[in-house]
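# Secondary and tertiary structure notes
Now for the letters of each chain:
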Amino acid sequence: MSALEGVRILDMTHVQSGPSATQILAWLGADVVKLEAPTGDITRKQLRDVDDADSLYFTMLNCNKRSITLNMKSDAGKEIFTRLVAESDVLVENFGPGTVDRMGFTWEKLREINPKLIYASIKGFGDGPYTHFKAYEVVAQAMGGSMSTTGSEDGPPMATGAQIGDSGTGIHTVAGILAALLQRERTGEGQRVSVAMQHAVLNLCRVKLRDQQRLAHGPLREYPNGDFGDEVPRSGNASGGGQPGWAVRCKPGGPNDYIYVIVQPQGWAPIANLIGRPELTEDPDWATPEARLSKLDKMFGLIEEWSLGHDKWTVLAALNEHNVPCGPILSTKEIIEDSSLADNDMIVSVDHPDRGEFKTVGCPIKLSDSPVHVQRSPLLGEHTAEVFRDQLGIDESELAELKANGVI
């Protein structure tokens, strides 16, 4: 059986942060019913690459779900929603603050309908002066500590390509929902789960908050920066960890012909030998980590002089032979064509009735007794009749009436 088999999730989320969370829950076996307005999730039509078909934006965030449509502005829609809440274990939404309340469904009302309900909300910010600000992926990165610490020392703040504001928040929400489900097993009661995008990004930036406090005791020696003020600087590709790292160029010099190399104390001797400078293992100016910290730029420059003569795969093989931590910079093309990722079901092919086959990301959480089978995203309202009939007992004549009245 699947890990979350029997758990019913009413999914009122849209765009990315919420759908990324509910997709994980669906992958883990929950019955996720995506409730959409009759016009559908806005991302069905955003960034389309195939006419008259759901976009990859939508399909890659809504696999393994069922879709129903419901006009929540109608009295009949609200009555049906009430019945769906009563039959659900979890309700998830990521509307603007107060939106569900204005529909007439406050937390108190929802709890009255279903005392066991877990009500999860994703918002941009927590309580306070930012509460009603609009939040998007990069806004969360900007206000969560990521952008100020990403980029080169003399350049502007940069956004990361990883969706830490949206999908990062989604993963945090999954953790909260699973914890609430476990607690409900002990207490029999549901509860609120609240996750703010700014807070999730901040949690992922804790290393930089660590370094902010370390600045009180002097410069951060493992950073390659020349000057330090009273805040953590942008430091390019510095690892930010206990061991220095950097991306060095490789042959033939394309935009992703780089490999990231970390120099541990025990790794210096094999690196020095590989780059043809064995004398540096005994040179007091280079032999110890402390000696190298003051010239990290020169150290990685020496490594790069060697790596430029080889492609990144040759460099990878040579460094791994000596157990030196490293990793080639993989382009999106290389990732989507990577056989090992396919073998691990992390790049999977899915058939879609309108757009044909497409590739998507598989479930990164692997359970030995609950394997994940990625299924296509639902068409708009594809399961309305099925869900209303099986869960609510609505017959065909009532379905036809609801459709005629614009409720579904």
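- Identification of the chain as Formyl-CoA:oxalate CoA-transferase from Saccharopolyspora dendranthemae is taken from an unreviewed UniProt entry.
- The Sequence similarities (unreviewed entry) comment attached to the chain in UniProt states, word for word, "Belongs to the CoA-transferase III family. Frc subfamily."
- In its Catalytic activity (unreviewed entry) section, the UniProt entry covering the chain states "formyl-CoA + oxalate = oxalyl-CoA + formate".

## A look at the overall build of the chain
- Each helix and strand in the chain was counted, giving 17 helices and eleven strands.
- Judged by the C-alpha coordinates and their principal axes, the chain covers about 85 × 45 × 40 Å.
- A buried classification covers 45% of the 408 residues belonging to the chain.
- Counting only contacts in the chain whose residues sit at least 6 apart along the sequence, the fraction spanning at least 24 positions is 65%.
- Accessible area for the chain stands at about 20,500 Å²; split by element, carbon and sulfur atoms hold 52% of it.
- Here the chain contributes 39 positive and 56 negative side-chain charges, whose respective centroids are spaced 3 Å apart.

## Digging into a nonpolar patch on the surface
- Among the surface-exposed residues, Y130, F133 and M143 lie close enough to one another that they form a single nonpolar patch of about 270 Å² accessible area.
- Tracing the backbone shows M143 in helix α6 (residues 137–144).

## Points about unusual backbone geometry
- For the peptide bond that leads from K251 to P252, omega is 5°, which places it in the cis range.
- One can find P252 in the loop between β7 (245–249) and β8 (258–262).
- With a phi angle near 55°, L47 is a residue other than glycine that sits in the positive phi range.
- Within the secondary structure, L47 sits in the loop between β2 (31–36) and α2 (56–59).
- The backbone of D345 shows a phi angle near 55°, a positive value even though the residue is not glycine.

## A closer look at the pattern of salt bridges
- With the rule as written, the count across this model stands at 21 salt bridges.
- One salt bridge connects R44 with E36, and the closest N-O pair in it is separated by 2.7 Å.
- A residue is classified by how much of its surface remains accessible, and R44, at 4% relative accessible area, is buried.
- The salt bridge partner of E304 is R249, with a shortest N-O separation of 3.0 Å. Placement of E304 in helix α12 (residues 296–307) and of R249 in strand β7 is noted, with a sequence separation of 55 residues between them.
- A residue is classified by how much of its surface remains accessible, and R249, at 39% relative accessible area, is partly exposed.

## Some remarks on the sheet that holds strand β9 (residues 326–328)
- Spatially, the three strands line up as an open sheet ordered β7-β8-β9, and their pairing is antiparallel. Two strands in the sheet have a free side with no partner beyond their single neighbour: β7 and β9. Strand-to-strand twist of the sheet, defined as the mean angle between neighbouring strand axes without regard to direction, takes the value 20°.
- One ladder, built from three bridges, connects β8 with β9; its direction is antiparallel. Residue pairing across strands places V261 opposite C326, the latter belonging to β9.

## Considering the UniProt feature "binding site: substrate" (unreviewed entry) in the chain
- The feature "binding site: substrate" (unreviewed entry), as given by UniProt, occupies G241, G242 and Q243 in the numbering adopted here.
- Residue classification places G242 among the exposed residues on the basis of a relative accessible area of 68%.

## What to know about the packing of helix α1 (residues 17–27) against helix α7 (residues 167–187)
- It is at 7 Å that the axes of α1 and α7 come closest, and there the two elements cross at 50°. Accordingly, the angle class assigned to the pair α1 and α7 is oblique. For the element pair α1 and α7, the recorded crossing hand is right-handed. Contacts between α1 and α7 involve S17, S20, A21, I24 and L25 from the first element and S167, G170, I171, T173, V174, I177 and L178 from the second.
- Each residue belonging to the contact of α1 with α7 can be placed in one class, and the counts come to seven nonpolar, five polar and no charged.

## Regarding the layout of surface pockets
- Of the voids in this model, the largest pocket is the one considered here, and its volume is about 820 Å³.
- Along the wall of the largest pocket there are 27 residues; nearest its centre are Q16, M60, L61, S167 and V361.
- Those elements giving two or more residues to the lining of the largest pocket turn out to be α1, α2, α7, α14 (332–336) and β11 (356–361).
- Counting residues per element, the lining of the largest pocket draws most heavily on α1, which supplies four residues.
- Taken together, the residues of the lining of the largest pocket break down into 16 nonpolar, nine polar and two charged.
- Approximately 560 Å³ is the volume found for the second largest pocket.

## Let's talk about helix α8 (residues 197–204)
- Taken together, the buried positions of α8 are M197, Q198, A200 and V201. All buried residues of α8 fall inside an arc of 165° around its axis, so they share one side.
- Along its buried surface, α8 packs onto β5 (118–123), α6, α7 and β6 (192–196).

## Here we look at the packing of α7 against α8
- Their axes nearest at 9 Å, the elements α7 and α8 cross at an angle of 95°. One way to sum up the angle between α7 and α8 is to call them roughly perpendicular. Along its contact with α7, which presents G168, T169 and H172, the element α8 presents M197, A200, N203 and L204.
- Of the residues assigned to the contact of α7 with α8, the class counts are three nonpolar, four polar and no charged.

Calculation criteria
- Residues numbered from 1 in each chain as written.
- Predicted model: local features only at pLDDT ≥ 70, side-chain atom pairs only at ≥ 80, totals over all residues.
- Heavy atoms only, no water.
- UniProt positions renumbered as here; feature names shortened; annotations may be inferred.
- Helix = DSSP H or I, 4+ residues; strand = E, 2+ residues; numbered from the N terminus.
- Buried < 20%, exposed > 50% of the residue type's maximum accessible area, 1.4 Å probe, protein only.
- Contact = heavy atoms within 4.5 Å.
- Areas by Shrake-Rupley, 256 points an atom, 1.4 Å probe, with all protein chains shown as cover.
- Lys, Arg positive; Asp, Glu negative; His and termini not counted.
- Charge placed at Lys NZ, Arg CZ, Asp CG, Glu CD.
- Patch = residues over 30% accessible without salt bridge, like charges linked within 9 Å, V, L, I, M, F, W, Y side chains within 5 Å.
- Salt bridge = Lys/Arg side-chain N within 4 Å of Asp/Glu carboxyl O.
- Pairing = 2+ DSSP bridges.
- Axes fitted to C-alpha atoms, helices over the stretch in contact; angles between N-to-C directions.
- Parallel < 35°, antiparallel > 145°, perpendicular 65-115°, else oblique.
- Left-handed = near helix turned anticlockwise from the far one by under 90°.
- Nonpolar A, V, L, I, M, F, W, Y, C, P; charged D, E, K, R; others polar.
- 1 Å grid on protein atoms, 1.4 Å probe; cavity = no way out; pocket = protein on both sides within 12 Å on 5 of 7 lines; lining within 4 Å.
- Points joined across faces, edges and corners; volume = space filled by probe spheres on them.
- Arc of directions from axis to C-beta.

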